[in-house]
Structures are given as structure tokens and as C-alpha cells.
Amino acid sequence: KKTKKTIIFNWSESYGSDGTNYWTIPQHLEKLGFMFTGSDSKCLIETIDKVIAKKKMLDNNISTPKTKIYEINEENGWDSFPAIVKPAREHCSTGITREAVVDNQEQLHARIDYILKEYGPYGVIVEDFIEGNEFNVAVWGNEKPEVLPIGMIDYSGFSDYHDRICSYDAKWSEGSNEWNNTPVICPAPVDEELRERLEDLAMATYKLFGIRDYARIDIRVRDGVPYVLDVNSNPDITTSGGLVRSMGKAGYSYGAGVAKILAMAASRLAK
């Protein structure tokens, strides 16, 4: 059968006008019986929804920032500042600007109102804001996953902590102040002990969500303790993406890295 001889490289990051439903195409491929690279639709659905992902991490003792989830804008006892306010169902840092980092109740509830109005009724996540640099930890593989060289977003160019975030502009607005002041250092300049903590936490998260082939786990550290901020089971694999940067530092050309990912899917086809 055609489906038994074909591997599809899944590079879909959105479907139609919705940037949050990239699981639609893998789900369709599953129904048709095709093998494809990357995580299955169940994992993609679970990790795109930050509320579901956060609850799963908390239930399984994965270190992640203190969190409250707002379905509506209500007083529910959040009293830890600074905090960061995120849409529950967006990715690619959509909705993340310096105004997302709030310092008091008034700013908090104004931002929750904005997120609910702008991004729909999927809920809002409020997290303890972990100051400091951000680590992009790429993991790939299945039976024996391995952690690739870690990237670190260096926020030292900003004196104000409200700017020390991986905002939408920092990711996508080439030439902007946010873009220019968020260089990535890879391998990250960390000591062996911290590197092992980052690797162990990323690996535990990768396995918890049943991620397949490759992922990027975003982590911040406070007082030596790493905290998972985001689970990217469908990370950018363009030549400028964090996963490819880490593959390169591990000695893989772009083509060799893509071939390795294809081989991971091919091993499933053989079963």
C-alpha cells in the first residue's frame, strides 16, 4: 500500500488562518494511515493548550512556575508580583509584549481583560515571572532521546525586567530593538551542574508528554532551580530556528539533521 511506503515530513505550523491548530494535518494523516515526522496529534493538542500542559506538569511534579488560570476576569487571590500574563492557546509568543509583565493587581486585571478580548475565551495563564536568561533545550530521539547543545537567550542588553522576555517582536520583527537585544548563545555558558539540571528537566518533560522525534523545552532558572515555561512539541525547524542551531552545534548540517529526523519516522514504519 502507498501508506506503507511513504513518510511525510510534517512541517505544518498552522492550518488556514488559525495558528493554533497545526495538529489538524497530523490528525488527518493518522486517519489516512500515513507515517509522518514529529509528534502525534494527541501530543500536539495537549501541548498547544497551555492550560492542559500546565496542569499535567503540576500533577506530575515537573518544575514549572507558580500558576493560576483565569477563565474569566475574577479576583482569585493572585498576590505574587511581578507576574506574566499569557494567552492559553497561542504560540510563537503571540500576545507576549512588555505589557504582559505586570507589577500589581490593577495591571494584572487590565491585562487579563485584554487577553480575553483579543484572543478569545480559551483562558488566561498567570505565572510567577522568573527573572533571568532563558534556556532553549532541544531534545530529539525516541527509544534513547538525547539533549542537544543548549541555547541561552541573553537579556543582559535590557536594564528593565519588563523587556527581558522572549516577546513576539524578539522572535519575528527582524531589526527591532527586541530582536537586536536578545542574542542566543549556544552552547549556553553554564556550569556542569546547571547543565545537568536543565537536561534532566527537559528530558523528564519530553517523556511525560510522549513527544516524538524532536522538541524544544523553554526553561528559566531562579536560585539554581530550573522551571519549564513552555513545551514546544512542534518547534520551528527552519534554518534560523533554535532546534537547527542546536543540531548544528552538535555537528549536524541542516540536511543531516533532517535526514536523522526522517530516519526516526522510518524506524516506526518498519515496525
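S.K.: What's the story with the overall build of the chain in this structure? I'm lost.
M.R.: Assigned secondary structure in the chain consists of nine helices and twelve strands. A buried classification covers 50% of the 271 residues belonging to the chain. Taking the intrachain contacts of the chain between residues at least 6 apart in sequence as the baseline, contacts between residues at least 24 apart amount to 67%. Looking at the chain as shown, the accessible area adds up to about 12800 Å², and 51% of this sits on carbon and sulfur atoms.

S.K.: Is there a simple way to explain the sheet that holds strand β6 (residues 124-128) in this structure?
M.R.: In any sheet, the strands associate via hydrogen bonds between backbone groups, in a parallel or an antiparallel arrangement. An order of β3-β6-β4-β5 is seen for the four strands of this open sheet, with the pairing classed as antiparallel. Either end of the sheet is taken by a strand with one partner, and the two such strands are β3 (67-70) and β5 (101-102). As paired elements, β3 and β6 share four bridges and run antiparallel to each other. Paired with isoleucine 69 across the strands is isoleucine 125, a residue of β6. Contacts between helix α4 (residues 105-119) and the sheet are confined to β3, β4 (83-87), β5 and β6, with β4 contributing the most and set at about 10° to the helix.

S.K.: So what exactly am I meant to see when it comes to the environment of glycine 132 here?
M.R.: You can see glycine 132 is positioned in the loop between β6 and β7 (134-140). Overall, glycine 132 belongs to the partly exposed group, its relative accessible area being 29%. Note: C-alpha distance between glycine 132 and tyrosine 155 (23 residues apart in sequence) is 7.3 Å.

S.K.: Help me understand the pattern of salt bridges in this model?
M.R.: Two side chains with opposite charge may pair up if their charged atoms get near one another. According to the stated counting rule, one finds 13 salt bridges in the structure shown. Linking glutamate 127 and lysine 86 is a salt bridge whose minimum nitrogen-to-oxygen distance equals 3.1 Å. Of this pair, glutamate 127 sits in strand β6 while lysine 86 sits in strand β4; the two residues are 41 residues apart in sequence, bridging distant segments of the chain. The residues glutamate 127 and lysine 86 share a single accessibility class, namely buried. For aspartate 163, the salt bridge goes to arginine 98, with nearest N and O atoms at 2.8 Å. Here arginine 98 lies in the loop between β4 and β5 and aspartate 163 lies in the loop between β9 (151-153) and α5 (168-172), a separation of 65 residues in the sequence. Each of Lys54, Lys86 and Glu127 takes part in a single network of salt bridges with overlapping partners.

S.K.: Just to check I follow, could you spell out the packing of aromatic side chains for this structure?
M.R.: To describe a pair of aromatic rings, one takes the distance between the centres and the angle between the planes. One pass over the structure, following the stated rule, counts three aromatic pairs. Ring centres of phenylalanine 129 and tyrosine 161 lie 6.3 Å apart, and the angle between their planes is 35°; on these two criteria the pair is classed as tilted. Here tyrosine 161 lies in the loop between β9 and α5 and phenylalanine 129 lies in the loop between β6 and β7, a separation of 32 residues in the sequence. Here lysine 66 stacks its cationic end above the ring of tryptophan 78, 5.2 Å away from the centre of that ring. Seen from the ring of phenylalanine 36, arginine 212 lies directly overhead, with NZ or CZ sitting 5.2 Å from the centre.

S.K.: Explain unusual backbone geometry to me, please; I cannot follow it from the model alone.
M.R.: Among all residues except glycine, the phi angle is most often negative; among peptide bonds, the trans geometry is most common. For the peptide bond that leads from phenylalanine 81 to proline 82, omega is 0°, which places it in the cis range. Locating proline 82 in the fold gives a position in the loop between β3 and β4. Cis geometry is found at the peptide bond from cysteine 186 to proline 187, where omega equals 0°. In this structure, proline 187 sits in the loop between β10 (184-185) and α7 (192-208). Phi at asparagine 61 is positive, roughly 60°, even though this residue is not glycine. As for its placement among the helices and strands, asparagine 61 is situated in the loop between α3 (50-59) and β3. The class of asparagine 61 is exposed, set by a relative accessible area of 72%. A positive phi angle, close to 75°, is found at aspartate 213, a residue other than glycine. Summarising the element assignment, aspartate 213 is placed in the loop between α7 and β11 (214-222).

Criteria and cut-off values
Residues numbered from 1 in each chain as written. Predicted model: local features only at pLDDT ≥ 70, side-chain atom pairs only at ≥ 80, totals over all residues. Heavy atoms only, no water. Helix = DSSP H or I, 4+ residues; strand = E, 2+ residues; numbered from the N terminus. Buried < 20%, exposed > 50% of the residue type's maximum accessible area, 1.4 Å probe, protein only. Contact = heavy atoms within 4.5 Å. Areas by Shrake-Rupley, 256 points an atom, 1.4 Å probe, with all protein chains shown as cover. Pairing = 2+ DSSP bridges. Axes fitted to C-alpha atoms, helices over the stretch in contact; angles between N-to-C directions. Salt bridge = Lys/Arg side-chain N within 4 Å of Asp/Glu carboxyl O. Phe/Tyr/Trp six-rings, centres within 6.5 Å; stacked < 30°, edge-to-face > 60°. Lys NZ or Arg CZ within 6 Å of the ring centre and 35° of its normal.

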